[in-house]
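The primary structure of each chain is shown beneath.
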Amino acid sequence: QVQLAESGGGLVQTGGSLRLSCAPQRIFCSYATGWFRQTPGQEREIVAAITWGGETTYYADSVKGRFTISRENAKNTVFLQMNSLRPEDTAVYYCAASNAVDTIVRITTAEYDYWGQGTQVTVSS
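As a starting point, this report considers the structure included with it. Keep in mind that what you see is a predicted model, and the values were worked out from it rather than measured.

Counted residue by residue, strand S9 (residues 91–98) has seven buried out of eight residues, so it is predominantly covered. With seven bridges connecting them, strand S4 (residues 32–38) and S9 associate as antiparallel partners. Bridge pairing links arginine 37 to tyrosine 93 in S9. In this structure, S9 lies alongside strand S11 (residues 119–124), joined through three bridges in antiparallel fashion. Its bridge partner lying in S11, tyrosine 93 is registered against threonine 119. Pairing of S9 with strand S10 (residues 114–115), which is carried by two bridges, proceeds in the antiparallel orientation.

Bringing the packing of aromatic side chains into the picture now. Pairs of aromatic rings are described using the distance from one ring centre to the other and the angle between the two planes. Evaluated as defined, the whole model comprises three aromatic pairs. Ring plane angle 55° and centroid distance 5.1 Å describe the contact between phenylalanine 36 and tryptophan 115, whose orientation is recorded as tilted. With phenylalanine 36 in strand S4 and tryptophan 115 in strand S10, the pair connects residues that are 79 residues apart, well separated along the chain. Judged by its relative accessible area of 1%, phenylalanine 36 falls in the buried class. Centre to centre, the rings of tyrosine 112 and tryptophan 115 are 6.2 Å apart; their planes meet at 65°, and the pair counts as edge-to-face.

The topology assignment puts tyrosine 59 in strand S6 (residues 57–59). In this structure the C-alpha to C-alpha distance between tyrosine 59 and tryptophan 35, which are 24 residues apart in sequence, comes to 9.5 Å. With residues up to four places along the chain from it excluded, the contact list for tyrosine 59 reads Val47, Ala48, Lys64, Phe67, Thr68 and Ile69.

Thresholds applied
- Just so you know, the residues in each chain are numbered from 1, in the order the chain's sequence is written.
- A pLDDT threshold of at least 70 governs which residues receive local features in this predicted model, and a stricter bar of 80 or more applies before side-chain atom pairs are shown or counted, although totals over entire chains, interfaces and linings include all residues.
- Side-chain descriptors were evaluated using all non-hydrogen atoms of the structure, hydrogens and water having been removed beforehand.
- The cut-offs for exposure are 20% and 50% of the maximum accessible area for each residue type, with area from a 1.4 Å probe on protein chains only; residues under the lower value are buried, those over the upper are exposed, and the others partly exposed.
- Counting from the N terminus, the helices are DSSP H or I runs at least four residues long and the strands are E runs at least two residues long.
- At least two DSSP bridges between two strands are required for those strands to pair.
- Any Phe, Tyr or Trp ring, taking Trp's six-membered ring, that has another such ring centre within 6.5 Å forms a pair; planes under 30 degrees apart are called stacked, those over 60 apart edge-to-face, and the others tilted.
- Throughout, a residue-residue contact means that at least one pair of heavy atoms, one from each residue, lies within 4.5 Å.

Have a look at this one:
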């Protein structure tokens, strides 16, 4: 098992930017990663996902063209660059990891094994 830690959330104005980071607290071999978000009373929904090697990425329609998922630092840290933020982006954002090295992108919560505790993103109008 691995433990993940998200950071980078905060309060921004409409049109602003944030970069979220997801880092394992202990090193591990490989993983595919997804970013999800959740608001009170709603199901956790996919925002973006990336395979271990970066061959495939996925973005929810609501964030296409605004958010970018990437991995750096010897592929141990995953980022979510969020630009042109809107109030509807307000949510708790979660990083998730799956022990996978294939090129199939994971976009559902059931496909992930490890989760962070979440970081709050609030976009004011």
